[in-house]
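A structural walkthrough
Single-letter residue listing:
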Amino acid sequence: MTTLIRSLIRRSWPVGLVVLALAVSACAEEETGRSADDPIRIAMVGPSASNDLAFTQSMVDSLNRLGQEYNIEVDITDGTFVIEDAAVAIRGYAEDGFDIVLAHGSQFGGSLSEIAPDYPDTYFAWGTSRDTFGLSNVYSYSVKSDQGGYINGAMAAHLTESGTIGVVGPIEVGDIKAYIDGFVAGVASVDSSITVNVNYIDSFSDVALAAEAAQAHIEAGADVLTGVSQMTVGATGVAREHGVLWFGSQSDQTPLGEEIVVASQIYNWDYQLGQIVEDLLAGEQNGRVITADFSNGGLTMAYNPNFALDADVREAADAVQAGITDGSISTGIE
Amino acid sequence: MSDFFTVSVLLATLAAGIRLATPFLLAALGETLGQRSGVLNLGVEGVMLLGAYGAYYATLRTESVLLGIVIGLAVGGAMGIVYGVVTLALKAEQGISGIGIFIFGLGLSDLLFQKQVGTPTPIDGLGDLAIPVLGDLPWVGEVLFHQNVLVYVAFLLVPAMWYLINRTPFGMNVRAVGETPEAADSLGVSVNRTRYITIFVGNALAGLAGASLALELGIFQQNLTNGHGFIAVALVYFGAWRPVGVMAGSMVFGLVSAMVLQWKTLGIVVGTTASIVGMFPAVLTILVLVLVSRRTGSPSALTRPFERGH
């Protein structure tokens, strides 16, 4: 078996002698180097659960796919919604001699900018972001999430009967904002008279608040909803209860409601991970921003096979996706 | 802003406020009872998480919401026994022990979820229960009497808790051991037995609060409660250790949260303004806590372990 994937969910961190032992281990690694037969050791620090059907899971799924192409060993620390905990994990992995350390969250950038200079031989990557701090061992990854948002929005515009659509967002930043702006633009591209109510609840994790936001949208007349991040499990519950259609992003959210989920934009980090791994194998550090989109396979659409999507709507969505991919359609979002 | 001041939106906001207030109210009522007997439990959040997971998992496996409620209560009660042993028998410092209970609950609920369930799987949770006649009343009927069963339980517990604390011999013992445990002991009241009971009941209600959250949402995921337990502890201070005050605090918190959500949904506040307005519930709680702390005192023996002869 050439591929070894070990996903170990860490909950606590060794201190004192254990850290010292890890440091010694890392030094030994440096002296001996990594032979071609050794697996590439990749560590990931994620803000929410590995199976959140959203941001963290999208990276876990990509790592699993990466393991089919490369000889890798993966270690995961998830649920680090406290940034200080994530910083300890990131530094711990670097100390432990991991080849690539993924800080999977835009909130981890501050910590990474302090840690990365201390470990020049370690390849760090973080996102979504467009900042490498001027360091050659730091890669940042981003997605053109507005593209999938645009496709979802176009479909939502075709499917709404009330003429009102609701969006449940967490915090107005990065790929979240891009997705929602793209979604609004996609709706307008089909019918600019449709009302799109956008509600950022200022939390990535408050499921109860997300549920009430969805409820508020429905009471305001929305018959189609979308949302981003792990808190949307609350919103999808309300959507299911009211039979309101749902469009997802980041991961395939069909399991959250087979009767209401129409489609999801999926983040495939395979593209970015592949580039970093290739740099590592070539012995080069070219810290840079790597952006995924539909044209390079970093974004894909997943359609719920159990939802009877009108063939015309699906055809229109495919046409929009093709236009975005070949550049003939622009979302208008920078 | 005129969009907000319509009957339908105002009623929807009130209904949302009641739903949002319910988990806070259940947990805070339980914590009120504990604190009136002199026991502070900062682990409410952890107990809520375990109660939420227990209720969710039981409902997922059996499709019985009633069993889920019972399991939520039982898990909370069991955690109460653990906390009682730690703080009363072993006399561990209450603040630190509570934080330990929180971390334990956070970790164990997530571990069990990962091992037993994995991917978030929806369940059919609590549906609305319309109260005959009252549910048909114009305006208020839809808002007040078309809620899930735990909403009714939570609000009925307010007068029940008031009666228990202020009108029963047990309540008198609770107040006595919370103010002057030495005097209560000299009169033959078992201080630790009284505290064991309040901790058990208080934690059972925390477990029920978690269950209400999971069963209302029909889902569980890591850290589902997202700080509800800590806010519940703050609401006990907000309510000056009185059930009615705690209810008022829970409703203010729930209503302000619901109002802000409606404003954002209707586009009344957007961008940075919306983010600032989103802080209203927390800011309001802090302001009231400052005011309350100046006019009323906590139970005299709060956080103080009892040892006969000391």
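Residues numbered from 1 in each chain as written. Chains lettered and ligands numbered in written order. Predicted model: local features only at pLDDT ≥ 70, side-chain atom pairs only at ≥ 80, totals over all residues.

Moving on to the overall build of chain A. From N to C terminus, chain A includes 10 helices and 12 strands. The buried share among the 334 residues of chain A stands at 55%. Restricting the contact set of chain A to residue pairs at least 6 apart, pairs at least 24 apart contribute 69%. (Helix = DSSP H or I, 4+ residues; strand = E, 2+ residues; numbered from the N terminus. Buried ≥ 20, exposed ≤ 12 C-beta atoms within 10 Å, placed from the backbone. Contact = placed C-beta atoms within 7 Å.)

Let us look at the overall build of chain B. When you go through chain B residue by residue, the secondary structure sums to 13 helices and two strands. Over its C-alpha trace chain B gives a radius of gyration of 20 Å, about what one expects of a compact globule, namely 19 Å for 310 residues. With the C-alpha coordinates aligned to their principal axes, the bounding extent of chain B is approximately 65 × 50 × 45 Å. Residues counted as buried form 51% of the 310 residues belonging to chain B. (Rg over C-alpha atoms; globule rule 2.2 N^0.38 Å.)

Time to look at the sheet that holds strand β10 (residues 261-267) of chain A. Residues and elements named next belong to chain A. Spatially, six strands are ordered β7-β6-β8-β9-β10-β12 in an open sheet, and the strand pairing comes out mixed. The sheet is open, and its two borders are formed by β7 (195-200) and β12 (299-303), each paired with just one other strand. Taking each pair of neighbouring strands and ignoring which way they run, the sheet shows an average axis angle of 15 degrees. One ladder, built from six bridges, connects strand β6 (residues 164-169) with β7; its direction is parallel. Directly across from Val168, in β7, lies its bridge partner Asn199. Contacting β6, β7, β8 (224-227) and β9 (245-250), helix α6 (residues 174-190) crosses the sheet at an angle of about 175 degrees to β6. (Pairing = 2+ DSSP bridges. Axes fitted to C-alpha atoms, helices over the stretch in contact; angles between N-to-C directions.)

Okay, the nonpolar core next. Membership of the largest hydrophobic core comes to 188 residues, with the highest contact counts inside it found for A:Ile90 and B:Ala52. Shared between two domains, this core holds at least three residues of each, these being domain 1 (17-143 + 268-292) and domain 2 (145-267 + 304-326) of chain A. Apart from the residues within four sequence positions on either side, A:Ile90 is in contact with A:Val45, A:Val101, A:Ala103, A:Phe108, A:Ser111, A:Leu112 and A:Ile115. (Core = buried A, V, L, I, M, F, W, Y, C linked by C-beta atoms within 7 Å. Domains from an automatic or database assignment.)

With that settled, the discussion passes to the domain arrangement of chain A. How large an interface is tends to be reported as the accessible area lost when its parts come together. Residues and elements named next belong to chain A. For chain A, the assigned domains are domain 1 (17-143 + 268-292) and domain 2 (145-267 + 304-326). Between the C-alpha centres of domain 1 and domain 2 the distance comes to 31 Å. Taken together, the 14 residues of domain 1 in the interface contact 15 residues of domain 2. Going through the elements one at a time, α2 (55-66) and β5 (138-143) are the ones with two or more residues in the side of domain 1 that touches domain 2. It is α2 that contributes the most residues to the side of domain 1 that touches domain 2, three residues altogether. Tallied by class, residues from the side of domain 1 that touches domain 2 come to six nonpolar, seven polar and one charged. (Nonpolar A, V, L, I, M, F, W, Y, C, P; charged D, E, K, R; others polar.)

This brings us to helix α10 (residues 311-326) of chain A. Residue and element names in this part refer to chain A. If you check α10, its first and last C-alpha atoms are 22 Å apart, about what 16 residues at 1.5 Å a residue would give, namely 22 Å. Each element contacted by the buried residues of α10 is listed here: α5 (145-159) and β12. Note on α10: the residue one or two positions beyond its end, Gly327, has a positive phi of about 90 degrees. (Expected span 1.5 Å × (residues − 1).)

Taken together, the contact between chain A and chain B spans 34 residues of the former and 32 residues of the latter. Counting residues per element, the ones that place at least two in the side of chain A that touches chain B are β7, α7 (207-219) and α8 (232-242) of chain A. Examining the composition of the side of chain A that touches chain B, we find that 10 residues originate from one element, α7(A), more than from any other. When the residues that make up the side of chain A that touches chain B are grouped by side-chain class, the tally is 15 nonpolar, 12 polar and seven charged.

All names here are of chain A. Within the secondary structure, Asp318 is located in helix α10. By the C-beta count within 10 Å, which is 13 here, Asp318 ends up partly exposed. Along the chain, Asp318 and Met155 lie 163 residues apart, while their C-alpha atoms are 10.0 Å from each other.

This next bit is on the confidence of the model for chain B. Confidence in the prediction for chain B averages 91 pLDDT; 97% of positions are at 70 or higher. Model confidence for the complex: the whole-complex pTM is 0.83, and ipTM, which rates the interface, is 0.85. (pLDDT = per-residue confidence, 0-100.)

Here we take up the sheet that holds strand β1 (residues 40-45) of chain A. All names here are of chain A. Spatial strand order, β2-β1-β3-β4-β5-β11: six strands in an open sheet with parallel pairing. The sheet is open, and its two borders are formed by β2 (72-77) and β11 (289-292), each paired with just one other strand. The mean inter-strand angle of the sheet, taken between neighbouring strand axes irrespective of direction, is 20 degrees. One ladder, built from four bridges, connects β5 with β11; its direction is parallel. Within β11, the residue paired with Ser142 across the bridge is Thr291.

This next bit is on unusual backbone geometry. Cis rather than trans, the peptide bond between A:Gly127 and A:Thr128 has omega equal to 5 degrees. Here A:Leu53, not a glycine, exhibits a phi torsion of approximately 55 degrees, which is positive. Mapped onto the elements, A:Leu53 comes out in the loop between β1 and α2. For A:Leu53, a count of 25 C-beta atoms within 10 Å gives the class buried. Although it is not a glycine, B:Asn223 sits at a positive phi angle of roughly 55 degrees. Following the sequence through the fold, B:Asn223 ends up in the loop between α9 (191-217) and α10 (228-238). For B:Asn223, a count of 19 C-beta atoms within 10 Å translates into the label partly exposed.

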